[in-house]
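Descriptive analysis of the structure
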Amino acid sequence: MMKMKLVVLSPRLRPGAFLVPSSSLVLMLLLSLLMDSSIAGADADGAVFQSESCSDSEALVFYRIKLETNWSKKLFPKHYPEFRPPPQWSITYGQSHNNSFHLFRLKDYASPAVQAFAESAHARTMQEELARQNAIIYDEFHLAKIPKGSGSTQGTFFVDGRHHKVSFITKIIPSPDWFVGLDSYNLCSDGQWIDDITVDLHPIDAGTSNGLTFTSPKWPTNPPSVIEKITARYPNHFASSFFYPEIKHLPVIAKVTFTKLNAYHGTNNVQKKMKKLKNKQRKRLLKKLALFNRKQENETIKQINDCEVSKWSEWSACSQSCGLGKRTRTRVVVKHSRDQGQDCPRLMETQWCGSARECTDGDSYFRW
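Before going into details, it helps to say that this report is about the structure given with it. Here the structure is a predicted model, which means the values were calculated and not measured. (Residues numbered from 1 in each chain as written. Predicted model: local features only at pLDDT ≥ 70, side-chain atom pairs only at ≥ 80, totals over all residues. Heavy atoms only, no water.)

1. Comments concerning the overall build of the chain
As a reminder, the rule being used: Strands are runs of DSSP state E lasting at least two residues, helices are runs of H or I lasting at least four, and both sets are numbered from the N terminus onward. Think of it in three bands: residues with accessible area under 20% of the maximum for their type are buried, residues over 50% are exposed, and the middle band is partly exposed, with areas taken using a 1.4 Å probe on protein chains only. Contacts: residue pairs with any heavy atoms within 4.5 Å of one another. Using a 1.4 Å probe, the Shrake-Rupley method yields the accessible areas, and only the shown protein chains count as cover for residues.
Across its full length, the chain carries 4 helices and 18 strands. Counting across all 368 residues of the chain, residues that qualify as buried make up 36%. Within the chain, counting contacts between residues at least 6 apart in sequence, those at least 24 apart form 72% of the total. For the chain, the computed accessible surface area is about 23,400 Å², with 54% contributed by carbon and sulfur atoms.

2. A closer look at helix α3 (residues 124-131)
To keep it simple, the criterion reads: It is the directions from the helix axis to the C-beta atoms that the arc portrays.
For α3, every residue scored as buried is listed here: M126, L130 and A131. Seen from one end, α3 has its buried residues packed into an arc of 125 degrees, which puts them on one side.

3. Description of the nonpolar core
Applied cut-off: Nonpolar cores are built from buried Ala, Val, Leu, Ile, Met, Phe, Trp, Tyr and Cys residues. Side-chain atoms within 4.5 Å join them into one set.
In terms of nonpolar packing, the biggest core is built from 38 residues, with Y63, F157 and F258 touching the most fellow members. Counting residues per element, the ones that place at least two in this core are β3 (60-70), β5 (137-143), β6 (150-160), β7 (165-173), β8 (178-186), β11 (196-201) and β14 (254-264). If we skip the residues at most four places from it in the chain, Y63 touches G155, T156, F157, V159, L187, W193, I194, F258, T259, K260 and L261. With 18 residues, the next largest nonpolar core counts L103, A113, A118 and A123 among its residues.

4. Notes on the side chain of T69
Applied cut-off: Counted as a polar contact is a pair of N or O atoms within 3.5 Å, where, for protein atoms, one must be capable of donating a hydrogen and the other of accepting one, and residues adjacent in sequence contribute only when both atoms are in side chains.
Structurally, T69 can be placed in strand β3. Separated by 3.4 Å, the side chains of T69 and W89 make a polar contact. For T69, the contacting residues outside a window of four places in its chain are W89, I146, K148, G149, S150, G151, I253 and A254.

5. Topic: the sheet that holds β6
The condition is simple: Whether two strands pair comes down to DSSP finding at least two bridges between them. Axis definition: a line fitted to C-alpha atoms, over the contacting stretch in the case of helices. Angles run 0 to 180 degrees between N-to-C directions.
Reading across from one edge, β6-β3-β14-β11 is the order of the 4 strands in this open sheet, with antiparallel pairing throughout. Every other strand in the sheet has two partners, leaving β6 and β11 as the edge strands with one partner each. Sheet twist, expressed as the mean angle between neighbouring strand axes with direction ignored, is 20 degrees. With 6 bridges joining them, β11 and β14 adopt antiparallel strand pairing. Across the sheet, the residue bridging to D196 is T259, located in β14.

6. A few points about the sheet that holds β5
Spatial strand order, β5-β4-β7-β8-β12-β13: 6 strands in an open sheet with antiparallel pairing. Bordering the open sheet on either side are β5 and β13 (228-229), each of which pairs with just one other strand. In this structure, strand β12 (residues 204-205) lies alongside β13, joined through 2 bridges in antiparallel fashion. Among the inter-strand pairings, I204 is bridged to a residue of β13, identified as K229. Sheet strands touched by α3: β4 (88-97), β5 and β7. Its angle to β4, the strand with the most contacts, is close to 5 degrees.

Written as structure tokens, this is what we have:
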């Protein structure tokens, strides 16, 4: 423990007087003790130890995430979608991870996984991508959809000392490719696990689909743009659903709260069990993906072995020039099927036909 030598100068005392410590002296003594204890601590035997940072901790920490949305006609009246579909929010897809992972970054291009989710709220591409990053992703969570513009949803997830960042994404429905979310939010701040914190969220444009309004038809941005935060003045176009030039900042459309529920320390093997469980889940998902890919390959092989036929010929002339007749068209086999390929379809079609253009006055075919 660090030792300090404190020299105090005091005026000469009169005989019979006694010394009372001044408040400034007491304060100095307390500060010296605090400075000393902030550098190191001591156990019951007096051994010195350093305080442990959460980034170096072996603890497993359990967090709750709560997403609250506030998309209302009162706050966002412009182009507010009344129906087909009404305002709502997709599932929330998120993960805890280490420093090397980024779900998305402003001023950078969206990954195919983020593009698919931002445009259609499809998480399959993202699941496939993350399932292969076992060392980077620690835990995953999915929050239920919010069926209205204003509402809430919540879930839980784990972090540890090597995976103390969290990212998530939620699509705004309807919209071309707009979402809210966080990328790499650090739950280990100043060496300590955050107990409770709320973060305001703002709409973000993925830059992959054109459209300025909530219900704009979707067509791809070519070439793609970078991911941008949507503000009251961006996109700078009067037709934009979030364009409110009379205000400086948009109202908060959503917020997320992280709350630490518990921290597991010691050698109770919780962390190993948690990691083992996540490995099993990822292996299960990878197995499903492998089965799906195999099925797709089999379908492709079957298609390759299918019978192939030419295009239909032109229709033949009608068999009757006066009255009801028939006409036909045909096609031929280009490649016969093999193995488990699909059999050849029919090679001839027949259709009824008829005409009265060449009928004479004596013909009574069409007389009733």
